[in-house]
Protein chains: 2
Amino acid sequence: MEFSSKLLENAVYEMSQLPGIGKRTALRLVLHLLRQPEAQTEHLTLALGQLRKEIKFCKKCHSISDVEICDICSNPSREKELVCVVEDIRDVMAIESTGQYRGLYHVLGGKISPLDGIGPQDLKISSLVEKVKSGEIKELIFALSATMEGDTTNFYIYRQLEGLEVKISTIARGIGVNDELEYADEVTLGRSIMNRIPFENALKNS
Amino acid sequence: MEFSSKLLENAVYEMSQLPGIGKRTALRLVLHLLRQPEAQTEHLTLALGQLRKEIKFCKKCHSISDVEICDICSNPSREKELVCVVEDIRDVMAIESTGQYRGLYHVLGGKISPLDGIGPQDLKISSLVEKVKSGEIKELIFALSATMEGDTTNFYIYRQLEGLEVKISTIARGIGVNDELEYADEVTLGRSIMNRIPFENALKNS
Ligand SMILES: [Zn+2]
Ligand SMILES: [Zn+2]
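Residues numbered from 1 in each chain as written. Chains lettered and ligands numbered in written order. Predicted model: local features only at pLDDT ≥ 70, side-chain atom pairs only at ≥ 80, totals over all residues. Heavy atoms only, no water.

**Structural notes on the relation of the copies chain A and chain B**
Worth spelling out the cut-off: Alignment of the copies relies on least squares applied to C-alpha atoms, considering only residues that score at least 70 for pLDDT in both. Any two residues whose heavy atoms approach within 4.5 Å are treated as being in contact.
The two copies are related by a screw operation: chain A maps onto chain B through 180 degrees of rotation and 0.0 Å of translation along the axis, at an RMSD of 0.1 Å. Here the transformation between the copies is reduced to the relation of a two-fold axis. It is A:Thr45 whose C-alpha, among those of chain A, lies nearest the rotation axis, at 2.4 Å. Of all interface residues in chain A, 98% are interface residues in chain B too; the two copies therefore contact each other through one and the same surface.

**A closer look at the coordination of the zinc ion (ligand 2)**
Residues and elements named next belong to chain B. Inclusion rule: Donor atoms: N, O and S within 2.8 Å of the metal, or within 3.2 Å for Na, K and Ca. Because water is excluded, sites can look incomplete. In these descriptions, tetrahedral denotes four donors with every angle between 85 and 135 degrees, square planar four donors and octahedral six donors with opposite donors over 155 degrees apart and the rest between 65 and 115, and irregular any other case. Note on conventions: DSSP H or I runs of at least 4 residues are helices, E runs of at least 2 residues are strands, and numbering of each starts at the N terminus. Accessibility here uses a 1.4 Å probe with only protein chains present; expressed as a share of the type maximum, an area under 20% marks a residue as buried, one over 50% as exposed, and anything in between as partly exposed.
Coordination sphere of the zinc ion (ligand 2), protein contribution only: Cys58 (SG), Cys61 (SG), Cys70 (SG) and Cys73 (SG), at 2.3 Å. Coordination at the zinc ion (ligand 2) comes from four donor atoms whose angles at the metal span 107 to 116 degrees, giving a geometry best classed as tetrahedral. For the zinc ion (ligand 2), all donor residues lie on one chain, and their spacing in sequence is C-x2-C-x8-C-x2-C. Here Cys73 lies in the loop between α3 (38-54) and β1 (79-86) and Cys61 lies in the loop between α3 and β1, a separation of twelve residues in the sequence. Residue class for Cys61 comes out buried when judged on its relative accessible area of 3%.

**Re the sheet that holds strand β4 (residues 167-170) of chain B**
All names here are of chain B. Note the threshold: Should DSSP find at least two bridges between two strands, the strands are taken to pair. Here an angle of 0 to 180 degrees is reported between the N-to-C directions of two axes, which are lines fitted to C-alpha atoms, with helices fitted over the stretch in contact.
Judged by pairing direction, the sheet is parallel, and its four strands sit side by side in the order β2-β1-β3-β4 without closing on themselves. Single-partner strands in this sheet number two, and they are β2 (103-107) and β4. Strand-to-strand twist of the sheet, defined as the mean angle between neighbouring strand axes without regard to direction, takes the value 25 degrees. In the sheet, strand β3 (residues 139-142) pairs with β4 via four bridges, with the strands oriented parallel. Bridge pairing links Ile141 to Ser169 in β4. Here helix α4 (residues 89-98) sits on the sheet in contact with β1 and β2, set at roughly 160 degrees to β2. Of the strands in this sheet, β1, β2 and β3 touch helix α5 (residues 126-133), which is tilted by about 145 degrees from β2.

**Focus on the pairing of strand β1 (residues 79-86) of chain A**
All names here are of chain A. Selection rule: By convention, orient the strands away from the viewer: a clockwise path from the first strand over the helix to the second makes the crossover right-handed.
Of the strand pairs in this sheet, β1 and strand β2 (residues 103-107) are connected by five bridges, and their pairing is parallel. Looking at the pairing, Val85 lines up with His106 of β2. As for the winding sense of the linkage, the β-α-β connection from β1 through helix α4 (residues 89-98) to β2 is right-handed. Bridge analysis of β1 against strand β3 (residues 139-142) gives four bridges, and the strand direction is parallel. Bridge pairing links Leu82 to Glu139 in β3.

**Things to note about the coordination of the zinc ion (ligand 1)**
Residues and elements named next belong to chain A. The coordination sphere of the zinc ion (ligand 1), as far as protein atoms go, consists of Cys58 (SG), Cys61 (SG), Cys70 (SG) and Cys73 (SG), spread over 2.3 Å. One chain supplies every donor to the zinc ion (ligand 1), and in sequence these donors are spaced C-x2-C-x8-C-x2-C. Highlighted residues: Cys58 in the loop between α3 (38-54) and β1 and Cys73 in the loop between α3 and β1, separated in sequence by 15 residues. In this structure, Cys58 and Cys73 share a single accessibility class: buried.

**Topic: the environment of B:Ser113**
All names here are of chain B. The criterion, for reference: Polar contact is defined as a pair of N or O atoms within 3.5 Å, subject to the rule that within protein one atom must be able to donate a hydrogen and the other to accept it, and that residues adjacent in sequence are counted only when both atoms are side-chain atoms.
Mapped onto the elements, Ser113 comes out in the loop between β2 and α5. Distance from Ser113 to Gly150, taken between C-alpha atoms, is 8.7 Å for residues 37 residues apart in sequence. Among residues more than four places away in sequence, those in contact with Ser113 are Ile118 and Glu149. Only 2.7 Å separates the side chain of Ser113 from the side chain of Asp116, close enough to count as a polar contact.

**Things to note about the UniProt feature "zinc finger region: C4-type" (unreviewed entry) in chain A**
Applicable threshold: UniProt positions are given in the numbering used here, feature names are shortened, and annotations may be inferred rather than shown by experiment.
Taken from the UniProt record, the annotation "zinc finger region: C4-type" (unreviewed entry) applies to residues 58-73 of chain A. Regarding residues 58-73 of chain A, the helix share stands at 0% and the strand share at 0%, and the terminal C-alpha atoms are separated by 8 Å.

Laid out in C-alpha cells, this is it:
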C-alpha cells in the first residue's frame, strides 16, 4: 500500500496492529473517522488512553474493576467458598449473563502458551494457590477454553494444588441446549457422550 | 453487556462506534490493548489524534496529502489534461497500484446519497466544474462505484458539464481478467457483453 500522507500511513499502521484488523480494514476505519466530526476521534482516543492509563484490577479476583475490590468480590450474598477460574473478563461477563452462578471468580489473565511466550509466571496462578492454601476455598471450577493451552493450564494448576484440600471440577462441555446433534462437531459430540449424566440430574436442571 | 468498569465500558463503546465493529469485537480489541505495553495504546491514540487534527487535503485534487499540492498533482510527468473522478483516496491508491494510469485525479469525497443525507453540495463537485470551465481538462474518466449512488453522482456531474468542451468516459466494467465466466454475477456478465470491445483493441491492451 502506497500512501500519499505520512499521517494517514501512520494511523493506518497503528490501527492494523490490532488483532484481526488488516491494512485495508484499518484504512476503511481511519477514513471513516476522517468523515466524522473531530469529536468522535477525540472521544475514542481519550477513552482508550484513559482506560490504558487508569486501568485497575480487583485485588481479590484480578478482574478489571474501577475500585479496589470488585462488585462481585464485595457482594455479601455471593458464595465465597466457590471460585470459578477463567482466562479473562469476557468469561466473567459471559457466566454472569447466565444468572446461574453465585460463586466468585479468579481471573488468570490468559492461559499457558509456550508458543506465545506465556508461562505460568505471567498468569495469576500463585495468588490462586495462596487462596486455596489459606483454606477459604472449598471448590474450584475450571472454566478455561477447551484447547491444548487451556488443558495445559488446568493441569498445571491441578498439580500446584496437589495435597491441598479443595474440590476441583470443570464445566460440562457438550452439545448446546438448542443444537441439533447432526450439526455438532465430532469432538464435542464425543465429549457429550463420554460425560453423560444421570437422566434424573438432567430432569432436575431443566 | 454488563461491565464491571466504567472505563472499560466507555472504551468499548467508543470502539464499537467504528463501522463493522460490534460490541464483542470492540471488547476483544480493547482487552488486547490492555495486554500490550502501554506504548502501543499511546502510539495508536497519538496517530489517530494527529491525523484527525492535522489532516490536509490537496488544494487541487482534494486527496489526503501532508503538503498543499499532492505528489501526483505536482508531478510534471503526469498528463494534466486527463482527470479521473473517484470517491475517495482508496480509489486513488487502487488505480495508482496498477501503474497504468498517468493522468490526475479529482477526489469527490463520497457520492450523492440522499438516504445518508449526502447531497451534491457535500462533495467536491463545484471545484470540478470550475476546473473543466477553465479549459484545463480535456477528458474526465468517471470511476465511481457501479451503484445507484455512483450512477446518480455520475449523471449529476454530467448534467453540470453540459455544453462544456470536455470528453467524458467511464471505466470499463466486466469480467475480471482471470475470472471464469461461470462464477461471474449476471449483472457484470451482462455489462461485459453490452460493452464488448473490438478484438483488435483487446489484442493491443494485452
Ligand atoms: Zn473481584
Ligand atoms: Zn492532488
